[in-house]
Amino acid sequence: MKTRDKIIQASIELFNEQGERNVTTNHIAAHLAISPGNLYYHFRNKEDIILSIYEEYARSLLLETLPKVSSEVKPLDSLVLYMDSVFQTTMKFRFFYSNLPVLLDKNPILREKYVEVQQSISERVSQLLISLRAADYIDFSDDELADIVSILRLINTFWVSFHQTQTIVNEVNDSVFYQGVLKILVILRPYTKAHAISELNHARDVYQQRYREEVETA
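What you are looking at is a predicted structure, and each value in this text was computed from that prediction instead of being measured. Within each chain, residues carry numbers counting from 1 in the order of the written sequence. With pLDDT at 70 or above as the cut-off, local features in this predicted model cover only qualifying residues; side-chain atom pairs require 80 or more to be listed or tallied, and sums for whole chains, interfaces and linings still use all residues. Side-chain measures were taken over the full set of non-hydrogen atoms in the model, leaving aside hydrogen atoms and water.

### Looking at unusual backbone geometry
A positive phi angle is found at Ala33, which is not glycine, with a value near 60°. Secondary structure counts use DSSP, requiring at least four H or I residues in a row for a helix and at least two E residues in a row for a strand, with both numbered from the N terminus. Checked against the element boundaries, Ala33 lands in the loop between helix H2 (25-32) and helix H3 (36-42). Under the scheme applied here, a residue whose accessible area is under 20% of the maximum for its type counts as buried, over 50% as exposed, and between as partly exposed, the area being computed with a 1.4 Å probe on protein chains only. Taking relative accessible area as the criterion, Ala33 reaches 70% and is therefore assigned exposed.

Structure representation (C-alpha cells):
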C-alpha cells in the first residue's frame, strides 16, 4: 500500500476510535511510524486528509452501494439491501457524523461535495420508493415522498451517531446498524400494502435474528 493510502486508512481508524477533534497530524504520523514531514509531503494539513477520506467515502456510497434492482430481487429487498449497504459504509466513516457541522463549516469544498453526494443518495431512495409504489408494495402520495425520503435518510445517516450518545460504552459494532435497518422497516410499515406485510415481517425477522446473534457473541 502506498504511503498516501496508508495515511488515509490510519486516519480513518484513529478518527473513528478517538474522534477527529482529538487526533492531530502528528498523532497520525506517529501511528504510522513516519515523520510529520513525510505526511505533509502527501497532505497539506488535516483538513486535506479529511477531504481525501470523504472522496473515498463518496466513491463507496455512489459506486459500491448501488441499489440491486432486477427481476431476481424483490422491490422491497432492493430498498432494504440498499439501506443496509449505506449503513455499513456510514459505519466505516462514522467519525464524519460526530462533528459534521463543524467539519463542513471549516471546509467549503467538503461541504460542496457532501451536499452533492447527499442529493444523489436522496434521488436513489426516491426512485426506490417510487418503484415500490409502482410494484404495489407501498402506497403514499406524491406530496409525502420528500418527507419519507428525508426521514429514511435521517435514520440512515445519523443513527450511529445517535446511538453513540445513548450508551455509556461508546462502542459500535454490527448490532448497531442492524438496529438502524430495523428502524427503517418501522418507518416503512404504515405505507406497506396489506399483501406485502409478510415480506416486511420477513425482513424484520432476519435483522432481529442478526441483531440477537451479534449481541450474544459480543
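From this point, the discussion proceeds with the structure in view.
### Some points on the domain arrangement of the protein
The domain architecture assigned to the protein consists of domain 1 (1-44) and domain 2 (50-217). For the purposes of this description, domain bounds are those given by an automatic or database domain assignment. Distance from the C-alpha centre of domain 1 to the C-alpha centre of domain 2: 29 Å. The contact definition used throughout considers only heavy atoms, calling two residues in contact when any of these lie within 4.5 Å. Domain 1 puts 10 residues into the contact, and the matching count from domain 2 is 13 residues. Here domain 1 meets domain 2 over a buried area of about 970 Å², counting both sides, of which 55% is carbon and sulfur. By definition, the buried area sums, over both parts, the 1.4 Å-probe accessible area that each loses when the two are put together. Its largest share of buried area at the contact with domain 2, domain 1 owes to Ile12, Asn16 and Glu20, together 53% of the area lost on that side. A pairing counts as a salt bridge when a side-chain nitrogen of Lys or Arg comes within 4 Å of a carboxyl oxygen of Asp or Glu. Run the count over domain 1 and domain 2 and you get one salt bridge. The closest approach of N and O atoms between Glu20 and Lys106, which form a salt bridge, is 3.9 Å.

### Some remarks on the packing of helix H8 (residues 142-164) against helix H9 (residues 174-188)
Between H8 and H9, the least distance of the axes is 10 Å, while the angle of their chain directions is 150°. As far as their axial angle goes, H9 and H8 are roughly antiparallel. Where H8 crosses over H9, the handedness of that crossing is right-handed. In contact with Ile151, Leu152, Ile155, Trp159, Val160 and His163 of H8, H9 contributes Val176, Gln179, Gly180, Lys183, Ile184, Ile187 and Leu188. Residue type decides the class: Asp, Glu, Lys and Arg count as charged, Ala, Val, Leu, Ile, Met, Phe, Trp, Tyr, Cys and Pro as nonpolar, and the leftover types, Gly among them, as polar. Partitioned by chemical class, the residues of the contact of H8 with H9 number nine nonpolar, three polar and one charged. A fitted line through C-alpha atoms serves as each axis, taken over the contacting stretch for helices, and the angle formed by two N-to-C directions is quoted from 0 to 180°. Roughly parallel means an angle under 35 degrees; roughly antiparallel means over 145; roughly perpendicular covers 65 to 115; every other angle is labelled oblique. For a crossing to be left-handed, the near helix must be turned anticlockwise from the far one by less than a right angle; the clockwise case is right-handed.

### Digging into a negative patch on the surface
Patches in this entry comprise residues that are over 30% relatively accessible and not in a salt bridge; like charges within 9 Å are linked, as are nonpolar side chains (Val, Leu, Ile, Met, Phe, Trp, Tyr) within 5 Å. The protein chains shown are the only cover counted for residues, whose accessible areas, like all others here, come from Shrake-Rupley with a 1.4 Å probe. Only four residue types enter the charge count, namely Lys and Arg as positive and Asp and Glu as negative; His and the chain termini do not. Every charge is mapped onto a representative atom, which is NZ of Lys, CZ of Arg, CG of Asp or CD of Glu. Judged by side-chain charge, Asp139, Asp143, Glu144 and Asp147 come together as a negatively charged surface patch. Topologically, Glu144 is positioned in helix H8.

### Things to note about the pattern of salt bridges
For the structure shown, the criterion picks out 11 salt bridges. For the salt bridge of Arg210 with Asp84, the shortest nitrogen-to-oxygen distance reads 3.8 Å. Here the residue Arg210 occupies a position in helix H10 (residues 197-217), and Asp84 occupies one in helix H5 (residues 75-92), the gap between them amounting to 126 residues. The class of Asp84 is buried, set by a relative accessible area of 6%.

### Here we look at empty space enclosed by the protein
Only protein atoms enter the 1 Å grid used here. Points where a 1.4 Å probe fits but cannot escape make up a cavity, open sets with protein on both sides within 12 Å along at least five of seven lines make up a pocket, and a residue lines them when an atom lies within 4 Å of a point. Grid points are joined across faces, edges and corners, and a volume is the space filled by probe spheres set on the points. Taken as a whole and assessed by the stated rule, the structure comprises one cavity of 30 Å³ or more. Approximately 30 Å³ is the volume found for the largest cavity. The set of elements that each furnish at least two residues to the lining of the largest cavity consists of helix H4 (46-64), H5, helix H7 (108-134) and H8. Among the residues forming the lining of the largest cavity, the class breakdown is five nonpolar, four polar and one charged.

### Thoughts on the packing of H5 against H8
Angle between the axes and distance between the axes are the two parameters that describe a pair of packed helices. For the pair H5 and H8, interaxial distance at closest approach is 8 Å and the crossing angle is 30°. Our pair here, H5 against H8, has a crossing hand that is right-handed. From H5, Met83, Val86, Phe87, Thr90 and Met91 reach across to H8, where they touch Leu152, Ile155, Asn156, Thr157, Trp159 and Val160. Here the residues of the contact of H5 with H8 are counted per class, giving eight nonpolar, three polar and no charged.

### Points about the packing of aromatic side chains
Pairing of aromatic rings covers Phe, Tyr and Trp, the last through its six-membered ring, and needs centres within 6.5 Å; plane angles under 30 degrees mean stacked, over 60 mean edge-to-face, and all others mean tilted. The final tally for this structure, using the stated rule, is 12 aromatic pairs. Seen from their ring centres, Tyr57 and Phe96 are 5.7 Å apart, and the 20° between their planes marks the pair as stacked. Note that Tyr57 is positioned in helix H4 and Phe96 in the loop between H5 and helix H6 (100-106), a separation of 39 residues in sequence. Each of the two residues, Tyr57 as well as Phe96, counts as buried. With a centroid separation of 5.8 Å and 40° between ring planes, the pair formed by Trp159 and Phe162 is classed as tilted. Separated by three residues within a single helix, Trp159 and Phe162 lie in helix H8, roughly one turn from each other. Residue class for Phe162 comes out partly exposed when judged on its relative accessible area of 44%. Pairwise contacts between aromatic rings join Phe15, Tyr54, Tyr57, Phe93, Phe95, Phe96, Tyr97, Tyr114 and Phe158 into one cluster. Only when the NZ atom of a Lys or the CZ atom of an Arg is both within 6 Å of the ring centre and within 35 degrees of the ring normal do we say a charge sits over the ring. Residue placement shows Arg210 over the ring face of Tyr207; its charged tip is 4.8 Å from the ring centre.

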